[in-house]
Amino acid sequence: MGAMDRFARFPRVLLAHLPTPLEPLARLTADVGGPEIWVKRDDCTGLGFGGNKTRKLEFLLGEALAEGADTVITLGGVQSNHARQTAAAAARVGMRCELVLPRVVPREGDDYDEGGNLLLDRLFGAHVFVVEDEAAAAREVQVRLAAAEERGAKAVVHPPGGSTPTGALGYALAALELCSQIEAGAPSFERIYVAASTAGTLAGLACGFELAGREQPLTGVCVAGSAASLRGDFLRLAGETRALLDLPADSPDNVTLTDAYLGAGYGIPSPASLDAIRQLAQREGLLIDPVYTGKAVAALLDESAARPGIGPLLFWHTGGTPALFAYRDELATGPRSGAS
Ligand SMILES: Cc1ncc(COP(=O)(O)O)c(C=O)c1O
């Protein structure tokens, strides 16, 4: 059975523009004066400003629709990309979307509380419930489920980030997509850098490269907690996803986790991530975000400067750009980067 055939038995709705582009970042590479740097453009997956969740939602909503669900309930921070992409996907497939958004980031202000992803959630017609904290969110989900039952609806609940084994299938398939692009002439990558929060993207990629028989080193850049805690989530999710794909249970993984670029915490931009945002915008015209991808690029830049002789590196761009508009204060000011 070929690697792709293993996905045939999972219900899937086609939502994303695939394959996503693979592009060299020549001017950034020249800036760093080290390894070639490339980008995999999952900010271009299409639906609702794009991002990594669209790949997960193809399988998550495929499963939900196959179970006859008409309502999707999910959770995330106030500026959650996952919530925004779920709202867009639900609109596309005609499901009711309910978003329970705990205030997990110590930040307020009109831009953050009304703009960016939250503006888009409402524009996609989602029912939005902003609550104080995660305990309140857990209670609110029960209230939503009871209300759904009351009106005779069939609701599914997706965890933050859509990180279930079913969601991770989207990234197992993405790994095979990259392998095809490499077979078609793109370089092999010494290491891939990806922002990691609930570990579904990383677990999916690790399983996909295993399925392809490719030893692919991956660095998960922690943006929501310590490497130790994320390792636990990653191992559990990778184990369950391997089982779904009939992969051997105990295969070693090529995954390194680093929390050295987390800064003050989830949703709080670090100076390095703000510099990375400006550098990519002004050197490559490429937008990254202050919560996730800015920290992933900060890690890649730091490590490539420290090891100039290594081979090509890949930044897996997972999206997140609508959040730029929720962080206007930090981004509106600050230096031009290496002005040409
Ligand atoms: C833009 C972006 N990048 C990366 C991630 C991390 O993905 P995961 O939760 O699968 O680790 C997220 C998750 O919310 C995200 O929104």
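So, how was this worked out
- Residues numbered from 1 in each chain as written.
- Predicted model: local features only at pLDDT ≥ 70, side-chain atom pairs only at ≥ 80, totals over all residues.
- Heavy atoms only, no water.
- Near = heavy atom within 4 Å.
- Polar contact = N/O pair within 3.5 Å; in protein donor to acceptor, adjacent residues only side chain to side chain.
- Helix = DSSP H or I, 4+ residues; strand = E, 2+ residues; numbered from the N terminus.
- Nonpolar A, V, L, I, M, F, W, Y, C, P; charged D, E, K, R; others polar.
- Domains from an automatic or database assignment.
- Buried area = accessible area lost by both parts, 1.4 Å probe.
- Salt bridge = Lys/Arg side-chain N within 4 Å of Asp/Glu carboxyl O.
- Phe/Tyr/Trp six-rings, centres within 6.5 Å; stacked < 30°, edge-to-face > 60°.
- Buried < 20%, exposed > 50% of the residue type's maximum accessible area, 1.4 Å probe, protein only.
- Lys NZ or Arg CZ within 6 Å of the ring centre and 35° of its normal.
- Contact = heavy atoms within 4.5 Å.
- Pairing = 2+ DSSP bridges.
- Axes fitted to C-alpha atoms, helices over the stretch in contact; angles between N-to-C directions.

**Details of the site of the ligand**
So, step 1. Every one of the 16 residues lining the ligand counts as a neighbour, but Lys53, Lys56, Thr198, Thr201 and Thr318 are closest to it.
So, step 2. Backbone polar atom of Ser197 to an oxygen atom of the ligand: 2.7 Å apart, as the coordinates give it.
So, step 3. In this structure, a nitrogen atom belonging to the ligand sits 2.6 Å away from a side-chain N or O atom of Thr318.
So, step 4. Elements represented by at least two residues in the shell around the ligand include exactly α2 (53-66), β7 (191-196) and α8 (200-211).
So, step 5. Partitioned by chemical class, the residues of the shell around the ligand number four nonpolar, ten polar and two charged.
So, step 6. There are two domains that each give the shell around the ligand at least three residues, and those are domain 1 (4-51 + 164-331) and domain 2 (53-162).

**Points about the domain arrangement of the protein**
One frequently used descriptor of interface size is the decrease in accessible area upon assembly of the parts.
So, step 1. The assigned domain composition of the protein is domain 1 (4-51 + 164-331) and domain 2 (53-162).
So, step 2. Taking only C-alpha atoms, the centre of domain 1 and the centre of domain 2 are 23 Å apart.
So, step 3. Summing both sides of the interface, domain 1 and domain 2 together bury roughly 3200 Å²; the carbon and sulfur share of this comes to 60%.
So, step 4. Put simply, domain 1 and domain 2 have five salt bridges between them.
So, step 5. Summed over the shared surface of domain 1 and domain 2, the result is 18 residue pairs in polar contact (both at pLDDT 80 or more).
So, step 6. Per element, the largest residue contribution to the side of domain 1 that touches domain 2 is eight residues, and it comes from helix α7 (residues 165-183).
So, step 7. For the side of domain 1 that touches domain 2, the class distribution of residues is 22 nonpolar, 14 polar and seven charged.

**Some points on the packing of aromatic side chains**
So, step 1. Counting across every chain of the model gives five aromatic pairs.
So, step 2. Taking the centre distance of 6.1 Å and the plane angle of 65 degrees together, the rings of Trp38 and Phe189 count as edge-to-face. You can see Trp38 sitting in strand β2 (residues 37-41) and its partner Phe189 sitting in the loop between α7 and β7, a full 151 residues away along the chain. Judged on exposure class, the residue Trp38 and its partner Phe189 are both buried.
So, step 3. Stacked on the ring of Tyr171, the Lys or Arg Arg55 has its end atom at 5.5 Å from the ring centre.

**Observations concerning the side chain of Ser270**
So, step 1. Inspection of the secondary structure puts Ser270 in the loop between β9 (255-258) and α10 (271-284).
So, step 2. Among all residues touching Ser270, those that are not within four sequence positions of it are Tyr261, Gly263 and Lys295.

**Some details on the sheet that holds strand β10 (residues 313-317)**
So, step 1. With mixed pairing, the six strands of this open sheet are ordered in space as β1-β2-β10-β7-β8-β9. Only two strands of the sheet have a single neighbouring strand rather than two, namely β1 (22-24) and β9. Along the sheet, successive strands turn relative to each other by an average axial angle of 25 degrees, direction set aside.
So, step 2. The sheet contact formed by β7 and strand β8 (residues 218-222) spans five bridges and is parallel. Of the residues in β8, the one forming a bridge with Ala196 is Cys222.
So, step 3. On top of the sheet, α7 reaches β1, β2, β7 and β10; it is set at about 135 degrees to β10, its chief contact.

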